Amino acid sequence: MALKGVKVLELAGLAPAPFCGMILSDFGATVTRIDKIPQNNLDVLKDGKRNIALNLKHEEGRNVVRDLCKRSDVLIEPYRPGIMEKLGLGPDVLMKDNPRLVYARLTGFGQNGPLAQRAGHDINYLAISGILSFLGRKDEKPTAPVNLLADFAGGGLLCAFGILAALLARQNTGRGQVVDAAMVEGAAYVGSFLTRSQSLPIWGRDRGENMLDTGSFFYDTYETKDGKFMSVGCLEPQFFDTMIQTLGLEGQLTQFDDNAKGKKILEETFRQKTQSEWSEIFEKTDSCVFPVLHWTEASAHSHNKFREVFVNVKDVIPNPSPKLSDTPASCSVLKRTKDEWENIQEILGEINYDPQKIRKLIENGVLLTSQKGKL
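Rules used throughout
- Residues numbered from 1 in each chain as written.
- Predicted model: local features only at pLDDT ≥ 70, side-chain atom pairs only at ≥ 80, totals over all residues.
- Heavy atoms only, no water.
- Pairing = 2+ DSSP bridges.
- Helix = DSSP H or I, 4+ residues; strand = E, 2+ residues; numbered from the N terminus.
- Contact = heavy atoms within 4.5 Å.
- Axes fitted to C-alpha atoms, helices over the stretch in contact; angles between N-to-C directions.
- Buried < 20%, exposed > 50% of the residue type's maximum accessible area, 1.4 Å probe, protein only.
- Polar contact = N/O pair within 3.5 Å; in protein donor to acceptor, adjacent residues only side chain to side chain.
- Arc of directions from axis to C-beta.
- Phe/Tyr/Trp six-rings, centres within 6.5 Å; stacked < 30°, edge-to-face > 60°.
- Parallel < 35°, antiparallel > 145°, perpendicular 65-115°, else oblique.
- Left-handed = near helix turned anticlockwise from the far one by under 90°.

## Some points on the sheet that holds strand β5 (residues 102-107)
So, point 1. Pairing within the open sheet is mixed, and its 7 strands lie in the order β6-β5-β4-β1-β2-β3-β10. The two strands at the open ends of the sheet, each matched to only one other strand, are β6 (178-182) and β10 (367-368).
So, point 2. Judged from the 5 bridges that link them, strand β1 (residues 7-11) and strand β2 (residues 30-35) form a sheet pairing that is parallel. When the bridges of β2 are listed, Lys 7 appears paired with Thr 30.
So, point 3. Sheet contacts for helix α6 (residues 148-173): β4 (74-77), β5 and β6; angle to β5, the most-contacted strand, approximately 165°.
So, point 4. Its contacts with the sheet place helix α13 (residues 340-349) against β2, β3 (50-54) and β10, and it is angled at close to 85° to β3.

## A word on the side chain of Asn 98
So, point 1. When you line up the elements, Asn 98 lands in the loop between α4 (91-97) and β5.
So, point 2. Relative accessible area serves as the criterion here: at 9%, Asn 98 is assigned to the buried category.
So, point 3. Ignoring anything within four residues of it in the chain, the contact list for Asn 98 reads Cys 69, Lys 70 and Ser 72.

## A word on the side chain of Thr 224
So, point 1. Position of Thr 224 among the secondary structure elements: in the loop between β7 (219-223) and β8 (229-233).
So, point 2. Taking the relative accessible area as the measure of exposure, Thr 224 reaches 2% and is therefore buried.
So, point 3. Here Gln 275 takes part through its backbone nitrogen, which lies 3.5 Å from a polar atom of the side chain of Thr 224.
So, point 4. If we ignore the near neighbours within four places in the chain, the residues touching Thr 224 are Phe 229, Met 230, Phe 270, Arg 271, Lys 273, Thr 274, Gln 275 and Trp 278.

## A short note on helix α14 (residues 355-363)
So, point 1. All of the buried residues along α14 are Ile 358, Leu 361 and Ile 362. In an axial view of α14, the angular spread of the buried residues amounts to 100°, which keeps them on one side of the axis. Every exposed residue of α14 that faces more than 90 degrees away from the buried side is listed here: Gln 356 and Glu 363.
So, point 2. Residues of α14 that are buried in the fold lie against α2 (59-70), α13 and β10.
So, point 3. One or two steps after α14, the chain reaches Gly 365, where phi turns positive at roughly 75°.

## Considering the sheet that holds β8
So, point 1. Pairing is antiparallel in the open sheet, where 3 strands are placed in the order β7-β8-β9. Two strands bound the open sheet, and with one partner strand each, they are β7 and β9 (289-291). Strand-to-strand twist across the sheet, computed as the mean angle between neighbouring axes with direction ignored, equals 25°.
So, point 2. Across 3 bridges, the pairing between β8 and β9 is antiparallel. Residue Ser 231 lies in a different strand from β9, and its bridge partner there is Phe 290.

## Some words on the environment of Cys 288
So, point 1. When you line up the elements, Cys 288 lands in the loop between α11 (275-282) and β9.
So, point 2. The spatial distance from the C-alpha of Cys 288 to the C-alpha of Tyr 219 is 9.5 Å, given a sequence separation of 69 residues.

## Details of the packing of aromatic side chains
So, point 1. Scanning the model with the defined rule gives 10 aromatic pairs in all.
So, point 2. Between Phe 217 and Phe 240, the ring centres sit 5.9 Å apart and the planes meet at 75°, which makes this aromatic pair edge-to-face. Taken together, the residues span a long stretch of sequence, with Phe 217 in the loop between α8 (192-196) and β7 and Phe 240 in helix α9 (residues 237-247) at a distance of 23 residues. We note that Phe 217, like Phe 240, is buried.
So, point 3. With 6.1 Å between their ring centres and 80° between their planes, Phe 218 and Phe 240 make a pair best called edge-to-face. With a gap of 22 residues between them, Phe 218 in the loop between α8 and β7 and Phe 240 in helix α9 connect regions that are remote in the sequence. In terms of burial, Phe 218 and Phe 240 fall into one category: buried.

## What about the packing of helix α1 (residues 16-26) against α6?
So, point 1. The contact between α1 and α6 brings their axes to 8 Å, and the two run at 45°. Put simply, α1 runs oblique to α6. As α1 runs across α6, the sense of the crossing is right-handed. Two secondary-structure elements touch here, α1 through Pro 16, Phe 19, Cys 20, Ile 23 and Leu 24 and α6 through Asp 151, Phe 152, Gly 156, Leu 157, Cys 159, Ala 160, Ile 163 and Leu 164.

Now the structure itself:
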């Protein structure tokens, strides 16, 4: 696997940091999650990672982290600026111990600036980035696409990219570096096309009145007879013409018709058949019309099955993307789950902590475990 041999420490946090760690794990890195409690059931992205629960308020707990960092390539920390420094685990300390360490800091507003110490969530970061102002229908308030853009695209994904860039740079310099991943900046960066394309004809109007933001009847979703939906993305004339022919609307509608008229006609037309019926009809055409699959249905779609987009398990879990021809990734959910003691002994064994020392950590409340009597 592409990242085989790379050792990552992930300090437990909310969705963006676990997603970053999941990406690295899926592509072959050994990811060790440092938890605050023995069983972290809120982290749904923990598959394939080792974990150990430490009391970082205790000096011995912090020393364990330092010892682990001496033998790690990457640290992912999701705390507000200054927290790690107060713990004595800031980059000045850990990178002095290990100059090759890539120290990734994943926050909402970054490590400095007027908002650095403020709390926030995806919708707030998206708002400050300016990208939220693009999202929403005409005459409606801005609407965030759940927490995908800032938390995951601008946060976890770009943090993983920053880590990989730093690891690549380390091959030339021999030194690690700090990755300052801010979700506000990440969301803005993901939205580069939106801000750079404002001079193009597709923009120029208020939110919800432009070609790509539901302001065009030929780029929208339409309800079907059975209450499901079809997606229509007929931007180019040839696709639009094919759609009109397929719908039997020749002579009734052109791509330059009034938006309200076009929307009304397509709404009435798509309601005449079920999603399954329209899907079968459009499957034989090249017209940029596809069914809006419920998330529980996506894994059963023929194309997704052929491409193995999802892991063949009970839950709907996507396989890693992109696909690599020589060193393919493997979804972490397929890795064998080790029990708590296996993790503890394996992780601490790598830094030469023997069973007696491990017992001492448990007795002192440094190593937190739900199975104290096992070792």
